[in-house]
Amino acid sequence: MLFMFCIKCGKDAFVGNFCEQCYLEKKDLFILKKVKMRYCDNCGKYYTQKEKVSPEEMEHFISGQIEEKGNIKNIEIKVSKRVDKIHAVIVAKGSIKPSKISITDRKEFSIYPKKIKCNSCAKILGNYHEAVIQIRGLKKENIIREIGKLIKNDELAGILKLKEGYDVKIVDKPVAARAVQILREKFTVKRSFKLVGEKKGRKIYRNFYAVR
Ligand SMILES: [Zn+2]
Ligand SMILES: [Zn+2]
């Protein structure tokens, strides 16, 4: 049986039992996915289950959490960030089929990131390092400058200044190997390794690269 009139207000029906206005009233232009986040108080990055989000990328990240339910013509996202709270106001304009009327949908949402130390920070703070580049010899100032260009801060576990040069501690082996490969073009590199411990029955070696 077909209703000819809106069951809410009695106007002519537009879709099913509703007039156009009443039909649009209960519709969303968009909805937001549920987001859980953590915040590293050491490096200032936000983490979700799957990705790492820099504070500057937050708008972009939030736009990825929007699920379109209508034809969105334009969308505005305003984000305010505090370490313990991210607040976003999202205003979308568009229409919902079969209606052609332009409507506005405004939603606010808040994320409360849990404070953590992320994996790479935890490693660094714990002085954890899988490789050491030992800088020795007459070109040591040159070499340390080169390394400064090759290795990012968050990959460094620390630099030790010694009488004979520098020991540059690097968190991950592949990062050290990549840097050393480039250093080889200009300097002499000697590689060695040392057993530093055992983890779950696996021997753990630390790589040493003497560069001069
Ligand atoms: Zn109505
Ligand atoms: Zn971190």
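The model shown is predicted, which means the values in this text are computed figures rather than measured ones. (Residues numbered from 1 in each chain as written. Chains lettered and ligands numbered in written order. Predicted model: local features only at pLDDT ≥ 70, side-chain atom pairs only at ≥ 80, totals over all residues.)

Moving on to the pairing of strand β12 (residues 165–170). Bridging between strand β10 (residues 131–136) and β12 involves six bridges; their strand directions are antiparallel. In the sheet register, Ile135 faces β12, and the bridge partner there is Tyr166. Note that strand β11 (residues 156–162) and β12 share six bridges and pair antiparallel. When the sheet's bridge partners are listed, Leu162 is paired in β12 with Gly165. Count of turn residues in the β11/β12 antiparallel hairpin: two residues. (Pairing = 2+ DSSP bridges. Helix = DSSP H or I, 4+ residues; strand = E, 2+ residues; numbered from the N terminus.)

In this structure, Ile133, Val168, Ile170 and Ala176 are the most contacted members of the largest nonpolar core, which totals 15 residues. Of all the elements, β10 adds the most residues to this core, at four residues. Once residues lying within four places of it in the same chain are set aside, the contact partners of Ala176 are Ala131, Ile133, Ile170, Asn207 and Tyr209. With eight residues, the next largest nonpolar core counts Phe61, Ile62, Ile86 and Ala92 among its residues. (Core = buried A, V, L, I, M, F, W, Y, C linked by C-beta atoms within 7 Å. Buried ≥ 20, exposed ≤ 12 C-beta atoms within 10 Å, placed from the backbone. Contact = placed C-beta atoms within 7 Å.)

Cis geometry marks the peptide bond from Lys97 to Pro98, where omega comes out at 0°. One can find Pro98 in the loop between β7 (85–95) and β8 (103–111). Here Asn127, not a glycine, exhibits a phi torsion of approximately 60°, which is positive. You can see Asn127 is positioned in the loop between α3 (119–125) and β10.

Further remarks concern the domain arrangement of the chain. Here the chain is described as being made up of domain 1 (20–116) and domain 2 (119–211). Taking the mean C-alpha position of each, domain 1 and domain 2 sit 42 Å from one another. (Domains from an automatic or database assignment.)

Another point: the environment of Ile159. With respect to the helices, strands and loops of the structure, Ile159 is situated in strand β11. Residue classification places Ile159 among the partly exposed residues on the basis of 16 C-beta atoms within 10 Å. With sequence-adjacent residues up to four places away left out, Ile159 is seen in contact with Tyr166 and Val168.

A few words now on the confidence of the model for the chain. For the chain, the average pLDDT comes to 90, and 99% of its residues sit at 70 or higher. Taken element by element, the predicted model of the chain shows its lowest mean pLDDT in α3 (79) and its highest in β10 (97). (pLDDT = per-residue confidence, 0-100.)

It is worth spelling out the pairing of strand β6 (residues 71–82) at this point. Where a strand is regular, its side chains alternate between the two sheet faces. With zero of its 12 residues buried, β6 lies for the most part at the surface. As paired elements, β6 and β7 share 11 bridges and run antiparallel to each other. Following the sheet pairing, Ile75 is matched in β7 by Ala92. Between the end of β6 and the start of β7, which pair antiparallel, lie two residues.

Read from one edge of the open sheet, five strands run β11-β12-β10-β14-β13, paired in mixed fashion. The open sheet has two edge strands, β11 and β13 (189–199), and neither has a second partner. Averaged over all pairs of adjacent strands, the angle between strand axes in this sheet comes to 20°, irrespective of strand direction. In the packing of helix α4 (residues 140–150) onto the sheet, contacts are made with β10, β12 and β14 (202–211), and the angle to β10 comes to roughly 145°. Here helix α5 (residues 173–183) sits on the sheet and contacts β10, β12, β13 and β14; the angle it forms with β14, its principal contact strand, is near 25°. (Axes fitted to C-alpha atoms, helices over the stretch in contact; angles between N-to-C directions.)

Looking now at the sheet that holds strand β2 (residues 38–40). Strand pairing in a sheet is mediated by backbone hydrogen bonds. Such pairs are either parallel or antiparallel. The strand order across the open sheet built from four strands is β4-β3-β2-β9, with neighbouring strands paired in mixed fashion. Since the sheet does not close on itself, it has two edges, and those belong to β4 (52–53) and β9 (114–116), each with one partner. Relative to β4, strand β3 (residues 46–47) is paired through two bridges, and the arrangement is antiparallel. Its bridge partner lying in β4, Tyr46 is registered against Val53.

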